[in-house]
Each structure stands twice: as structure tokens, then as C-alpha cells.
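Here are the chains, one letter per residue:
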Amino acid sequence: MRLGEFLGEPCYAAPMSETNERAAEDRYEPATLEPKWQAYWEAHRCFEAKRTPGKPKLYALDMVPYPSGSGLHVGHPEGYTATDIVSRARRMQGYDVLHPMGWDAFGLPAEQHAIQTGTHPRDTTASNIATFKRQLKSLGFSYDWSREVDTTDPGYVRWTQWIFLKLFEKGLAFQSEVPVNWCPELGTVLANEEVIDGKSERGQHPVVRLPLRQWMLRITQYADRLDAELDGLDWPETKGKQRHWIGRSEGAEIDFAIEGHDATMTVFTTRPDTVPGVTYVVLAPEHPLVAQITTAAQREAVSAYLDVTKSKSDLERTELGKTKTGVATGAFAVNPVNGDKIPVWVGDYVLAHYGTGAVMAVPAHDERDHAFAKTYGLPIVQVVRRADGKAHDFDAAAFTDDGVSTALRSDAKVAEGTPSAEVRKQVIAWLESEKRGRKKVTYRLRDWVFSRQRYWGEPIPIYFPVDCDGDPRAEGAEYKVRYDKPIAVTESELPLRLPELEDYRPGEDPAGPLARAKDWRFFQKDGQWYARETNTMPQWAGSCWYYLRYIDPRNDEQIFSQEAYDAWMPVDLYVGGSEHAVLHLLYARFWHKALFDIGVVKHAEPFHKLVHQGMILGENGEKMSKSRGNVINPDDVVKSHGADSLRVYEMFMGPLEAVKPWQTNGVEGVRRFLDRVWNVAVAATKSGDAAMDDETKRAVHKTIKKVTEDVEGLRFNTAVSAMMILVKQLQALPAVPKGAVEPLVLLLAPFAPHIAEELWQRLGHGESLTYAPWPTFDAALCEDAEVEIGVQVNGKARSVLRLAKDESQESAVAKALADAKVTAHTDGKTVAKVIYVPGRILNLIVK
RNA sequence: GCGAAGGUGGCGGAAUGGCAGACGCGCUGGUUUCAGGUACCAGUGGGGUAACACUCGUAAGGGUUCAAGUCCCUUCCUUCGCACCA
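Attention in this report is confined to the structure presented alongside it. What you see is a predicted model; the values in this text were computed from it and never measured.

Quick look at the nonpolar core
Part 1 of the argument: Grouped together as the largest cluster of nonpolar side chains are 88 residues, with contacts concentrated most on Trp662, Val707, Phe716, Leu730, Val741, Leu748 and Phe751.
Part 2 of the argument: Not counting the four nearest positions on each side in its chain, Phe751 is found in contact with Ile85, Arg647, Val648, Val707, Val711, Phe716, Ala719, Val720 and Met723.
Part 3 of the argument: Within the second largest apolar cluster, 77 residues are counted, among which are Phe164, Ile551, Met569 and Tyr574.

This is the structure we're talking about:
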């Protein structure tokens with residue numbers, strides 16, 4: 001019998017003429033139905049986050065987007081759909097849900113647009129936000145828009161500045177004149193994290209190191225906690241990236257006396273066990289001792305070397321790092337454990353900004369030292385041998401692993417054959433007792449350069465006294481800003497707003513464009529002139545704490561109320577791109593810990609569970625970009641197939657975390673699935689109350705179980721697959737029972753909320769399904785009493801048997817031996833062994 | 001170079017150590033249609049067969065096991081981080 005023969009009314013395989021007669025209202029038309037439900041949700045404020053005592057809560061957070069001029073990209077809805085599904089499912093499961101959205105809207109593009117067109121960055125930002133918001137709304141995300149946050153809003157900036165003042169009070173914000181990453185092209189300094197291979201992360205412009213007065217945040221003070229407290233977090237490999245960036249390293253600082261000088265040079269090493277093998281020491285070219293100790297004979301060679309080094313950019317110094325260069329200073333140091341006289345060299349493979357800017361060289365046990373020693377003919381002295389006794393060719397390469405000590409010529413007595421780890425302890429103890437060194441932990445992490453020479457950012461709420469005769473604003477006035485005497489703006493005067501400017505261009509002047517707003521910059525109080533800080537905060541500032549403002553976004557009295565904090569924090573699920581692994585996510589953790597220390601927040605960590613959605617590539621498998629012409633615009637997909645199809649497709653593509661290419665045919669496949677859901681559900685509304693057979697009932701319960709568990713585990717692709725299977729099965733029924741369709745519609749709702757609402761209504765429900773109870777499953781119905789299990793003979797699959805789930809072994813074997821496909825392989829042989837796992841496998845071993 | 005993740009049909013991808021390839025795309029055939037499209041039905045890893053049978057298959061090679069995509073070892077490749085961090 002073919003299916004078409006017993007399908008009665010309503011018929012989805014109906015002939016054309018009948019289809020045409022079918023009422024328009026019976027067709028699935030996302031273009032009319034989606035705006036209808038979006039308007040409904042908005043009018044009924046369905047997603048406003050409210051807290052009810054006793055109920056569990058979910059704080060599901062998307063990384064705050066930068067509203068760029070090009071609008072939403074298909075990558076955005078991927079993570080947003082994931083958090084939306086979890087939010088919607090949890091609402092149905094009785095959770096109070098906070099699911100907010102906002103704008104990280106300070107930043108360079110709007111400022112550059114302003115330079116080119118004269119449009120105020122505020123206007124550009126507002127129109128970009130409007131575009132983003134329209135697009136996000138068209139996708140049906142269940143955000144509580146009443147909590148929308150904009151980092152450029154004065155009501156928000158006020159609290160960003162407030163946090164800065166707290167950091168300033170605690171000594172965590174300070175000024176420093178250190179070499180920083182100055183990018184002439186962008187007219188600003190950049191954080192270490194924003195410089196990649198000597199170029200700006202944004203725009204790939206060259207970056208040079210210049211000493212400039214800067215505001216810094218003392219993130220290094222939190223290095224240890226930022227590292228250690230990653231432990232309890234449910235985060236992916238990002239933890240490892242942060243650990244590496246923080247770069248905690250345990251070792252010792254060791255002092256080397258310099259012959260003929262009072263000065264000692266201090267090195268940091270993780271291998272104090274190799275000190276007896278030190279055959280020379282190396283200073284970074286920038287090290288202050290270089291000038292002091294260089295001998296007359298070497299002066300010329302050293303200064304020539306320093307000149308060459310200076311002319312190299314950071315990029316060249318690291319890229320050409322294969323051959324190590326250096327020059328002897330002519331001075332000698334004394335090995336602190338055996339008194340050996342060893343030469344002091346200068347070499348640019350030693351980094352001025354790590355450790356002490358000086359290293360002890362152990363060519364036998366460090367690759368870099370080995371290469372350097374080979375180049376300049378310096379001695380190689382072995383002090384560690386392999387624990388397994390195997391030989392090592394020290395002429396060819398360094399032996400860098402731990403091993404055991406050789407007979408050492410050392411005043412720090414260590415027994416021959418002691419394991420390296422133990423030697424380290426003993427040597428450190430000896431150095432400490434001799435006051436020639438000490439145990440030390442260093443970090444790769446640097447303090448955070450926090451000022452930018454830009455307009456479109458939060459003004460730093462600090463001002464300075466000005467030494468000046470008369471009005472410093474006067475043309476040609478001479479004045480001196482006393483940067484050594486920073487004064488905090490009074491809290492009640494916050495927010496400190498940006499001045500209006502004619503010209504947003506960065507100057508060559510590192511004071512930045514705000515310095516040109518003289519009436520804003522200078523002010524007089526009690527006869528004394530003062531100057532405001534003209535640098536602004538980096539874009540990261542606003543996104544460091546936005547998740548805290550969502551919990552109480554309109555509070556004018558406090559950053560947020562304690563009740564709001566207790567109601568919603570911490571963030572339960574945080575989804576965003578992995579490109580923020582060491583930038584935003586580290587900065588935000590740092591601010592959170594600083595706020596924790598002053599009692600503003602109550603958890604040491606803000607984000608409990610973190611997930612990075614994988615990038616969506618173009619159809620050709622390449623990264624989407626305008627220049628490659630492979631960009632998919634979500635607006636177009638919404639227009640052609642609807643928001644629900646876009647959402648479901650993006651979830652169906654593959655695992656959330658995976659990088660995966662877009663396939664337009666795939667969207668069409670999902671659209672067909674939604675069409676089938678529609679047809680099946682509409683059929684159910686007309687089929688009266690068809691009874692549900694046992695098999696259908698089981699299928700429904702299995703699907704509920706699968707989708708429930710997959711949503712929990714963020715395995716959305718397999719959840720969609722499970723629903724597809726159920727729909728196929730329902731579609732084949734002569735009459736579709738409402739009792740099967742209703743749970744299906746509820747399961748689908750978080751994924752495809754518009755079609756689900758529409759069908760829910762058509763199934764006779766008067767209210768939105770936003771808070772309809774999530775379907776539950778009966779575990780007993782999820783397991784079949786009878787299952788098909790594979791029958792193997794000698795490990796090879798030979799047949800399939802339908803057996804009771806708990807069929808006894810005797811019975812199973814008997815049934816197998818009654819099967820011709822099995823006996824074909826067992827005849828004439830004896831069954832030597834039976835492996836039987838009920839419900840899984842039957843394997844007969846025959847001889 | 002170091003670190004992490006991974007390599008399964010034509011494609012995206014499924015598989016608590018238990019019938020590999022769920023689901024979707026694509027493709028083939030069919031029904032409906034004047035036709036195309038849609039919708040629906042059937043098929044779709046390779047070899048082999050009229051059809052079965054059988055056989056080979058999860059990057060390559062070895063191992064553990066009654067049984068390996070899954071566990072272990074070696075090698076190759078891909079992607080993503082980091083890259084003189086002493």
C-alpha cells in the first residue's frame with residue numbers, strides 16, 4: 001500500500017487544485033507569522049526577567065557585540081541562538097531567566113568614520129545600534145530588551161568611571177612612563193594583547209616601542225589568582241591560553257657579582273640546579289648595567305651593537321631570532337656557587353621586559369644558550385646527566401630535560417646523582433643562606449596599558465594641577481601639567497562627559513584629540529588652574545563589567561543593588577568567540593576580582609560556564625569576507641526562509657564549538673523540515689483526537705528524552721536530528737494524534753519559536769508557550785521491550801535478532817542457532833564460548 | 001619549534017568498546033504534473049551478485065580485546081593557538 005492511498009483530509013500531498021483551494025491561513029508563511037509573534041512577545045513583555053523566591057535561575061549571557069556599520073553577520077546568530085535555546089527551554093522548565101543584550105559601542109571605527117565624514121561618533125553609533133537591534137529582533141531572540149545596555153551611554157559611563165576611581169583608590173590604576181606600544185598609524189598606544197607580531201591587531205599597522213606617560217592597571221597584582229582560580233571554572237581550552245598568557249614561572253633570582261664593580265647583576269632562572277654550569281651571563285641591550293660595566297676596549301663594539309639593535313623593530317628582533325647575536329662587554333662576573341670568572345655579554349635574545357632583563361647562560365642545558373655559545377665559541381659545561389644513564393652529545397645540542405646531577409664543582413654541596421628537582425631546592429636554600437639569591441615566581445603577564453590617545457572612549461576621571469601664569473587656554477600660553485599629582489574627580493561629578501569636537505583626528509601629540517578641547521580640558525578652582533586627563537579608556541573598559549549592569553541597568557544610585565546581585569549572579573552560561581580568550585575574558589576577570597576585594601561583588605569569578613561557538617565559514621570553506629565574496633547576510637536568509645529556518649539550520653550544521661562551512665542547500669533542508677512540522681501539526685488540529693498507538697507514544701517519549709538531554713549538553717545538532725526523525729514517523733501515520741504533536745511543538749519552541757507559537761495557538765491554546773511546561777518523559781517508555789541486536793559469529797556480524805531487552809542467554813543462543821544466517825557459519829562446529837550482552841550483542845565463538 | 005583539538009561516504013556530520021555512516025544535503029529511480037519546480041515513495045560507502053551470499057572499509061602501520069572509529073604505541077596530515085618567556 002502506498003502512503004498516498006490512505007492519507008485522507010487534510011492532505012499535504014494534495015493535488016494542485018486542492019492546494020490552491022486550501023485556505024491561505026493553512027500555509028506556513030514565516031514572513032507574516034514571524035513578525036506577528038515578535039510583536040506579541042513585545043506587547044506581552046514575555047521575556048522580562050523577574051525573580052521569584054524559591055525558583056532556580058539562569059543567567060544566560062552573550063558576549064556583548066560591537067555594533068559595526070556592516071550589521072549582523074551569520075556568525076552572530078550562532079552563539080545567540082544557542083543561549084536563546086537554553087533560555088527558552090529553561091523558562092519552560094520553571095527557571096527565572098535573565099537573558100540580556102547590549103552594545104559595546106565605543107571604539108575606533110566610529111571615530112574613523114567621524115574623521116572622514118564629520119559625523120559625530122555618537123550618531124554613527126546610534127544608527128548602527130538601530131540596525132543591529134532590528135536584525136536581532138527579526139531573529140526572535142528572547143532578550144529582555146528593557147535591560148539593554150550601551151557602554152557609551154553617560155548613565156553607563158558613569159559607573160565605568162566609578163570603577164576606575166575605585167581602582168585608582170586601591171593603587172591599581174597608576175601612571176607610568178614606560179616604553180609602550182605606540183602605533184603611529186592609529187595615533188594611539190596599544191595593550192600588549194592588542195599587538196601581534198609587532199603589528200596592531202586591528203589594521204595590521206606597525207607598532208614601535210616608545211616611552212610615554214600612560215595610565216596602567218596593575219593586573220600583575222592579580223596574576224597568581226587569575227591563574228589559580230581558573231581551576232574551578234567550566235571553561236574549554238581557553239583556560240590553557242590564559243595560563244600561558246599569565247605565564248607563571250617558578251624559579252630563583254640569583255645575584256652575580258661583577259668584578260671591579262660594586263654592582264651585582266641579578267638574573268631569573270627556572271633552573272637553579274644548573275648554576276655550576278653557567279659559563280657566561282647575558283644582559284638585554286636595554287639593561288642599565290650595560291653602560292656601566294662595558295670596558296674601554298669593548299665600548300665601540302658594544303655601542304655599535306646597541307645601535308643595530310635599536311634600529312630593529314620588535315618584529316625583526318623576534319623574526320630573525322634563529323641566529324643569536326651578541327657582543328662581549330669586556331667585564332666579568334663571578335659564578336656564585338664556584339667563584340668561576342665568567343664573561344658578561346650583551347645579546348638581543350634577552351628580553352628587557354621579562355624577568356630581570358638578564359640571564360645566566362648554561363649552554364649545556366639550554367638551547368638558546370647552546371646556540372649562542374656555539375656561535376661565539378663559549379665553553380659548554382655539563383652539570384646534569386640523563387636519569388636513564390644514556391649518553392648525550394653536548395656538542396650537537398643542549399640537554400634541556402631534568403635528569404640527575406653530575407659531580408659538581410660547587411660550594412653548594414649536592415650529592416652526585418641527585419634528581420634535578422631536588423637539586424633546585426638545595427641550591428636555592430644554599431643561595432638564600434649565602435644571601436646570593438632567593439626563590440622567585442615571575443609572570444609573563446605585564447601590567448595593562450590602559451590609556452588611549454583617542455576621542456571615542458570613556459574619559460579617565462582624573463585631573464592635574466597646572467603650573468601657569470595666567471590662563472593656560474590662551475594662545476601661546478606656557479604651562480606645565482603636574483602629571484605627578486593626579487586628582488580623582490569627585491564621585492558626585494560623574495559621569496565626566498566627552499566634550500564636543502570639530503576635529504577628531506589624532507594628533508602627533510600623544511595627549512590625543514581631547515587636548516584640543518581647551519575649555520573642557522582646563523578649569524579653575526579656588527584660583528588654581530587644573531587640566532583634565534586627555535587620554536581615554538580602551539574599548540575593553542566597557543565590556544569588563546557590562547554583565548554586572550544587566551542585573552540592575554537603570555539604577556541611578558548604585559552600580560547595582562545587592563538584591564539584584566543576589567538574584568542573578570553569577571553568569572551561568574557565557575557564549576562568545578574564542579578570539580576574546582585572553583583579552584576581554586582576562587580583563588573582565590581582573591576587574592571582577594578587584595571589585596570582589598572591595599566587597600562590590602560576592603563571587604571570585606564572574607563566568608561559571610564558558611563556551612566558544614565555532615566560526616561559520618563561507619560555502620567555499622574559506623573565512624567569510626567581502627573581498628572573497630562569500631558573505632551570507634542573515635537578513636537575506638530571513639527573507640527567503642524565515643528566522644526559524646536560519647536558527648534551526650545554524651544549530652543543525654554541527655557541534656556548536658566546531659568550525660563549519662555554510663551550505664545554502666542545508667537551509668533549504670531545514671525549511672522542508674519546518675514545512676513538514678507545519679503540515680503534521682495542522683493535520684493534527686483537524687484529525688480530531690486521534691488515539692496514539694504504543695509505538696508513536698514511545699517515539700514521542702524517546703524524542704523528549706533526547707532533546708531534553710541534548711539541550712542540557714548544548715548538543716543542538718543531534719536534538720534537531722531527533723525531532724526530524726519523530727516528524728517523519730508522525731507524518732506516516734494515517735491520523736496524527738494531537739497528543740504526539742503537542743510535545744513536539746514544545747520541544748521545537750526554543751529552536752524555532754515563531755512556528756511553534758503559531759502551531760501552539762492553532763492547537764487550541766490561548767496563551768504563549770513561553771512558560772508552558774516543558775514536556776516530560778517516562779523512562780520506561782524510552783526503552784523498548786524488544787530490541788534488535790546484532791548476532792556475531794567469531795566476531796563477525798552475521799544476523800540480527802529481535803529479542804526481549806532482558807532475554808536470557810540460553811534463549812538468545814537458542815534463537816540465534818535457529819537462524820539460518822547464523823547456522824550457515826556454525827554448522828559442523830561447536831560453540832566454544834558465548835558473549836552475550838542483553839540488548840547489545842550476541843557473539844558466538846565457534847571452533 | 002611548543003601546545004591543543006582533530007582526520008569517518010560526493011558534502012555537513014552521527015555513533016555509553018557491541019549491526020559504522022543516524023539526521024540533513026546531493027545524487028538515482030518512481031508517483032503526481034503538459035512541463036519544470038514543489039510534494040511524496042524507494043534507493044544510495046567500495047568490490048561482488050540476476051538477487052542473495054560473501055568481502056573490503058573510519059589517515060597509515062602495529063598492538064590490547066570475543067568485539068576497536070572508539071583504548072594503547074609509532075608515523076603522516078589538517079586546523080587553531082603560542083612563539084627566544086630564561
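Quick word on the sheet that holds strand S9 (residues 208-217)
Part 1 of the argument: One open sheet holds the four strands; their spatial order is S6-S5-S9-S19, and the pairing between them is antiparallel. Every other strand in the sheet has two partners, leaving strand S6 (188-190) and strand S19 (448-449) as the edge strands with one partner each.
Part 2 of the argument: Pairing of strand S5 (residues 173-183) with S6 involves three bridges; the strand directions are antiparallel. What sits directly across from Cys183, in S6, is Thr188.
Part 3 of the argument: Where helix H7 (residues 154-169) meets the sheet, its contacts fall on S5 and S9, and the angle it forms with S9 comes to roughly 95°.

Some thoughts on unusual backbone geometry
Part 1 of the argument: Omega for the bond connecting Leu494 with Pro495 falls within 30 degrees of zero, at 0°, which places this linkage in the cis form.
Part 2 of the argument: Inspection of the secondary structure assignment puts Pro495 in the loop between strand S22 (487-488) and helix H15 (518-521).
Part 3 of the argument: In this structure, Pro570 follows Met569 across a cis peptide bond, with omega equal to 0°.
Part 4 of the argument: Position of Pro570 relative to the elements: it lies in the loop between helix H18 (562-568) and strand S25 (573-575).
Part 5 of the argument: The phi dihedral of Asp526 is positive, around 50°, even though this residue is not glycine.
Part 6 of the argument: By the secondary structure assignment, Asp526 is in the loop between strand S23 (522-525) and strand S24 (528-532).
Part 7 of the argument: The exposure class of Asp526 is exposed, given its relative accessible area of 80%.

What to know about the packing of aromatic side chains
Part 1 of the argument: Summed over all chains, the structure comprises 39 aromatic pairs.
Part 2 of the argument: On the numbers, 4.8 Å between centres and 50° between planes, the contact of Trp345 with Tyr376 is tilted. Here Trp345, found in strand S14 (residues 341-347), pairs with Tyr376, found in helix H13 (residues 367-376); they are 31 residues apart in sequence, far enough to count as distant.
Part 3 of the argument: What makes Trp345 buried here is its relative accessible area of 11%.
Part 4 of the argument: A cation sits over an aromatic face here: Arg90 above Tyr95, 4.6 Å from the ring centre.
Part 5 of the argument: Sitting over the face of the ring of Tyr530, Lys525 holds its NZ or CZ atom 5.8 Å from the ring centroid.

Scoring rules and cut-offs
- Throughout this description, residue numbers start from 1 for each chain and increase along the sequence as written.
- By the order in which they are written, chains take letters starting at A while ligands take numbers starting at 1.
- Local features in this predicted model are restricted to residues whose pLDDT is 70 or higher, and side-chain atom pairs enter the listing and the counts only when it is 80 or higher, whereas totals over whole chains, interfaces and linings include all residues.
- To obtain the side-chain values, all non-hydrogen atoms of the structure were used and water was disregarded.
- Side-chain atoms within 4.5 Å link the members of a nonpolar core, which is a set of buried Ala, Val, Leu, Ile, Met, Phe, Trp, Tyr and Cys residues.
- Buried, partly exposed and exposed residues are distinguished by accessible area as a fraction of the type maximum, computed with a 1.4 Å probe on protein chains only: under 20%, between the cut-offs, and over 50%, respectively.
- Contact between two residues is taken to exist if any of their heavy atoms lie within 4.5 Å; hydrogens are not considered.
- One bridge is not enough; two strands pair if DSSP finds at least two bridges between them.
- By the criteria applied, helices consist of DSSP H or I runs no shorter than four residues and strands consist of E runs no shorter than two, each listed in order from the N terminus.
- Convention adopted: a line fitted to C-alpha atoms gives each axis, helices being fitted over their contacting stretch, and angles between N-to-C directions are expressed from 0 to 180 degrees.
- Here is the rule: rings of Phe, Tyr and Trp (six-membered ring for Trp) pair when centre to centre is within 6.5 Å. Planes less than 30 degrees apart are stacked, more than 60 are edge-to-face, and the remainder are tilted.
- Definition used: whenever NZ (Lys) or CZ (Arg) falls within 6 Å of the ring centre and also within 35 degrees of the ring normal, the charge is taken to sit over that ring.

On their own, these measurements won't tell you what the molecule is for.
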